[in-house]
Amino acid sequence: MSDRVLTPETLLPRDEPVRLIAPDGTAEADQHYPMPDLAHLRDAYRALVEGRRINDQASALVRQGRLAVYPSSHGQEACQVAASLVLGERDWLFPTYRDSVAVIGRGVNPADAMVLLAGDWHSGYDPTEHRVAPQATPLATQLLHAVGFAQAAKYRGEDTVVLALCGDGATSEGDFHEALNFAAVFAIPVVFFVQNNEFAISVPLSRQSAAPSLAHKAVGYGIPGQRVDGNDVAAVLSVLGDAVDRARAGEGPSLIEAHTYRMQAHTNADDDTRYRERAEVQAWIERDPLTRIRAYLTAHDALDTATEDRIAADAERIAADLRAALNADTDLDPEDLFRFVTTDRTPQLDEQWQMLRDEIARGAASDAVSPTGGSR
Amino acid sequence: MTIAHDDIRLDAGAPTTQTMTMAAALNLALADAIRDDPAVVVFGEDVGALGGVFRITDGLTERFGEERCFDTPLAESGIVGTAVGMAMNGMRPVVEMQFDAFALPAFEQVVSHVAKLGNRTRGAVRLPMVIRMPSGGGIGGVEHHCDSSEAYYAHTPGLTVVAPSTPQDAYSMLRAAIASPDPVIFIEPKKLYWTKGEVDTSQVAHLGTARIAREGTDVTVLAYAAMVPVALEAAEIAASEGRSVQVIDVRSLSPFDDQLVTAAVRATGRAVVVAEAPGYVSVAGEIQARVFERCFEYLEAPVRRVTGFDTPFAPPKLEHFYLPDADRILDAIDSLHWDDDEETR
């Protein structure tokens, strides 16, 4: 453990979120959190552009009926990108359903990240391949998995850090409390990263918590909390990076709250005009994470038109690949329903698969007899 | 935090059979599992210095250290949820829910994650974890200490649910549960913790199988957990009255051993299912339905159930009215349309 003094004062977050780049692109020096270098920020910008393109392509695929649903992180891409960029090779990410861009940032193929939302299966990637847990739908439940996962790594003497994502709504869940408490008590190398996007579907933050900020909750667990401007990718990289470094150094968990905004509805099934004013949405659009970092990089001669064009073209190619993958009909095998329930299939599931197989065979036979298929 | 592998030694050559209580058998199974596999960790509420409220983890922290057996914050969802993460990352956690009714805060973790993660990841991630669940009544416990919640778990696809009734099975089945690549809900009948029996530590259990606890030819009684000794008592009384009662210890509630049970009931032609949980939408009801479906042409009488009442578990001074006893089982057996029974002709 470090010689960090645990007093409420050292655990409390700042009154204002940490910010390194103002909305107009000008730098704001910070005593504690250094500005990432330009090369690093250009990588982040590329990832932001790609993430935005993936978000908007996936939303379009919902409208075209190729995805059942897509909870977009449009507007939160700075958080998504930073979450994947701050982790090392051996680290793990525990994401939620809204974190597809972060999942893709870890190397998961975009089409594989969409399998859950396309309805082909409940998860489309092997978690061990890219060190990304399956995207969790029940709120805050994955935070405990993250703690246990990191605890196992610590037990074996590995220096793995686990980054656990959740939203503002999830901080009201009991599992959020239990996860932070367990992590604190056992000094587990986990970083809890809350993307406070102001809404849990329709319910505003004021109905989730009366705390001064969500990051203030950390002091109750005896761990440091910090707030960061979630639309400033430089700040998110710096603050999250610091928390990851401390976790790796054996200084235990921390809670980071990013102040961001869900610029679109919860999903395509939601109508956000019922619960928020357009002016509020518009104000946040003007704080778009992309324009901010672009202005900063341009002002520092770190982004020219040719680079921008190349990044945009690459993002288009990713979107085109995603479209192609999701427009192709997938070959689904009904036996998969029975294949993975347990390692060895039970006799009961054998019987049930036999029944379904016979049913399918009879259907195929009757289709063959009656090509119109309408006789049943 | 790393562990010294030198500490792990096999007691090769030691005698493998001794007489002990079920509690001691469970304790021995945990100790042997910790000794044999550095991935096994035991945790929960009061499992450390105290050794568990039923002393099932007695001495484990002392012998193996805090890394292998430790107390957690008092939070059941946290216990099960962190066990999920550990199991995802190469450990074999064995967690204790202090009492069955106290496991309910962890229900979401059990149903949404423990049971489903292997399926969700197409088998890429398996969860080799055991949730030990002191269960059932018969110990004079006050409210919320004597529930029978096995049906919730047995109803959930992806969970293996087992319930031993002897010290031997307690040992062998817990070793098998810990060795299983999949999550196991391990139901421990509290009432039987202090019953003694022989335990051969070289005996291996195969989860998913039932066990013939007593041979018999006239009627098959299907029971599990604390109801097995009650069924055996009924069989003993019936034998003195000239009726040969076969007792099957179901012991694996999910998956269910249809093969053994079907063959047994077809042979006797009569069956009674005994469980202490409420009968409505229960494991007993499921067993009854399965026996009917598979044995109908062989049955001489309807399959009967003897279960707890459809009431919340009884307070201590009334639990003897609630819990099935040998008389209730014998009454059910008597009603199975015997040829010498004038009333049912």
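Residues numbered from 1 in each chain as written. Chains lettered and ligands numbered in written order. Predicted model: local features only at pLDDT ≥ 70, side-chain atom pairs only at ≥ 80, totals over all residues. Heavy atoms only, no water.

## Section: the packing of aromatic side chains
Selection rule: For Phe, Tyr and Trp, rings pair up if their centres lie within 6.5 Å, where Trp contributes its six-membered ring, and each pair is then called stacked (planes under 30 degrees apart), edge-to-face (over 60) or tilted (otherwise). Each residue's exposure class comes from its accessible area (1.4 Å probe, protein chains only) as a fraction of the maximum for that residue type: buried when under 20%, exposed when over 50%, partly exposed otherwise.
In total, this model carries 20 aromatic pairs over all chains according to the counting rule given. Here A:Trp92 and A:Phe94 contribute two aromatic rings whose centre-to-centre distance is 6.1 Å and whose plane-to-plane angle is 40 degrees, an arrangement assigned as tilted. Both residues of the pair, A:Trp92 and A:Phe94, count as buried. An aromatic cluster is defined as three or more aromatic residues linked by ring pairs; in this entry it consists of B:Phe54, B:Phe99, B:Phe102, B:Tyr193 and B:Trp194.

## Re unusual backbone geometry
To keep things clear, this is the line we draw: Counting from the N terminus, the helices are DSSP H or I runs at least four residues long and the strands are E runs at least two residues long.
The peptide bond linking B:Ser254 to B:Pro255 adopts the cis configuration, its omega dihedral lying at 0 degrees. Structurally, B:Pro255 can be placed in the loop between strand S12 (252-254) and helix H9 (258-268). We note that A:Asp301 has phi near 55 degrees; this positive angle belongs to a residue other than glycine. In this fold, A:Asp301 is placed in the loop between helix H13 (289-299) and helix H14 (305-327). A relative accessible area of 73% places A:Asp301 in the exposed class. Within the chain, B:His337 stands out as a residue other than glycine whose phi angle is a positive 55 degrees. Assignment of secondary structure puts B:His337 in the segment after helix H12 (326-334).

## Let's talk about the sheet that holds strand S7 (residues 254-259) of chain A
Residues and elements named next belong to chain A. Formally: Strands were regarded as paired on the criterion that DSSP finds at least two bridges between them. Every axis corresponds to a line fitted to the C-alpha atoms, with the helix fit spanning only the stretch in contact, and the corresponding angles, defined between N-to-C directions, vary from 0 to 180 degrees.
Ordered by their spatial adjacency, 5 strands build an open sheet running S1-S2-S3-S7-S6, and the pairing between neighbours is parallel. Looking at strand neighbours, the two that pair on one side only are strand S1 (92-94) and strand S6 (225-229), the edges of this open sheet. Pairwise comparison of adjacent strand axes, ignoring direction, gives a mean angle of 20 degrees for this sheet. Here 6 bridges tie strand S3 (residues 190-196) to S7, and the two strands are oriented parallel to one another. Paired with Val-194 across the two strands is Glu-257, which belongs to S7.

## Notes on helix H8 (residues 227-240) of chain B
Residue and element names in this part refer to chain B. For clarity, the cut-off: Helix span is expected to be 1.5 Å times the residue number reduced by one. The arc in question is formed by the directions pointing from the helix axis toward the C-beta atoms. Contacts are assigned to residue pairs that have any heavy atoms within 4.5 Å of one another.
An ideal rise of 1.5 Å per residue puts 20 Å on 14 residues; H8 measures up with 20 Å between its terminal C-alpha atoms. Those residues of H8 that fall on the buried side of the exposure criterion are Met-227, Val-228, Val-230, Ala-231, Ala-234, Ala-235 and Ala-238. Angularly, the buried residues of H8 cover 160 degrees about the axis, an arc narrow enough to put them on a single face. If you follow the buried residues of H8, they end up packed against strand S9 (211-214), strand S10 (219-223), strand S11 (245-249), strand S13 (271-278) and H12. Where H8 terminates, the next one or two residues include Gly-242, which has phi positive at roughly 90 degrees.

## Here we look at the sheet that holds strand S6 (residues 160-162) of chain B
Residues and elements named next belong to chain B. Pairing is mixed across the open sheet formed by 7 strands, whose spatial order is S3-S2-S4-S5-S7-S6-S12. Both edges of this open sheet fall to strand S3 (69-71) and S12, since each of them pairs with a single strand only. Averaged over all pairs of adjacent strands, the angle between their axes in this sheet comes to 20 degrees, without regard to strand direction. Judged from the 2 bridges that link them, S6 and S12 form a sheet pairing that is antiparallel. Residue pairing for S12: Val-161 is matched across the bridge by Ser-254.

## Quick word on the pairing of S10(B)
All names here are of chain B. Formally: We call a crossover right-handed when, viewed with the strands running away from us, the connection from the first strand over the helix to the second turns clockwise.
Burial within S10 is extensive, with 5 of its 5 residues counted as buried. As judged from the 5 bridges shared by S10 and S11, these two strands associate in the parallel manner. Its bridge partner being in S11, Val-219 is matched across the sheet by Val-245. Viewed along the sheet, the connection from S10 through H8 into S11 turns out right-handed. Strand direction decides the pairing type here: S10 and S13, joined by 4 bridges, are parallel.

## Section: the pattern of salt bridges
What counts here: By convention in these notes, a salt bridge is any Lys or Arg side-chain nitrogen within 4 Å of a carboxyl oxygen on Asp or Glu.
Summed over the entire model, instances satisfying the criterion amount to 43 salt bridges over all chains. For the salt bridge of B:Glu96 with B:Arg132, the shortest nitrogen-to-oxygen distance reads 2.8 Å. Of this pair, B:Glu96 sits in strand S4 (residues 92-96) while B:Arg132 sits in strand S5 (residues 130-135), placing them 36 residues apart in sequence. The residues B:Glu96 and B:Arg132 share a single accessibility class, namely buried. Salt-bridge contacts for B:Asp258 lead to B:Arg290; the nearest nitrogen and oxygen are separated by 2.9 Å. Of the two residues, B:Asp258 is situated in helix H9 and B:Arg290 in helix H10 (residues 283-295); the sequence distance between them amounts to 32 residues. For the pair B:Asp258 and B:Arg290, a shared accessibility class is recorded, and that class is buried. Among the charged side chains, a network of salt bridges with common partners joins A:Asp333, A:Glu335, A:Asp336, A:Arg339, A:Arg345, A:Asp350 and B:Arg122.

## Here we look at the interface of chain B and chain A
Put simply, the rule reads: Simply put, the buried area is the total loss of 1.4 Å probe accessible area from both parts when two parts are fitted together. Under this definition, polar contacts are N or O atom pairs within 3.5 Å; protein pairs additionally need one hydrogen-donor-capable and one acceptor-capable atom, and for neighbouring residues in sequence, both atoms have to be side-chain atoms.
With 48 residues of chain B in contact, the opposing surface of chain A contributes 39 residues. Both sides of the chain B and chain A interface together cover about 3600 Å² of buried area, and 61% of this is carbon and sulfur. For chain B, the biggest contributors to the area lost against chain A are B:Asn89, B:Asn119 and B:Arg122; these three give 18% of the whole. Taken together, the connections running from chain B to chain A amount to 2 salt bridges. A salt bridge links A:Glu351 to B:Arg294, with the nearest nitrogen and oxygen atoms 3.2 Å apart. Joining chain B to chain A, the criterion identifies 21 residue pairs in polar contact (both at pLDDT 80 or more). Secondary-structure elements contributing two or more residues to the side of chain B that touches chain A are S3, helix H3 (76-88), helix H4 (107-114), helix H5 (117-120) and H10 of chain B. Per element, the largest residue contribution to the side of chain B that touches chain A is 10 residues, and it comes from H3(B).

Everything listed is a geometric property; what it means functionally is a separate question.
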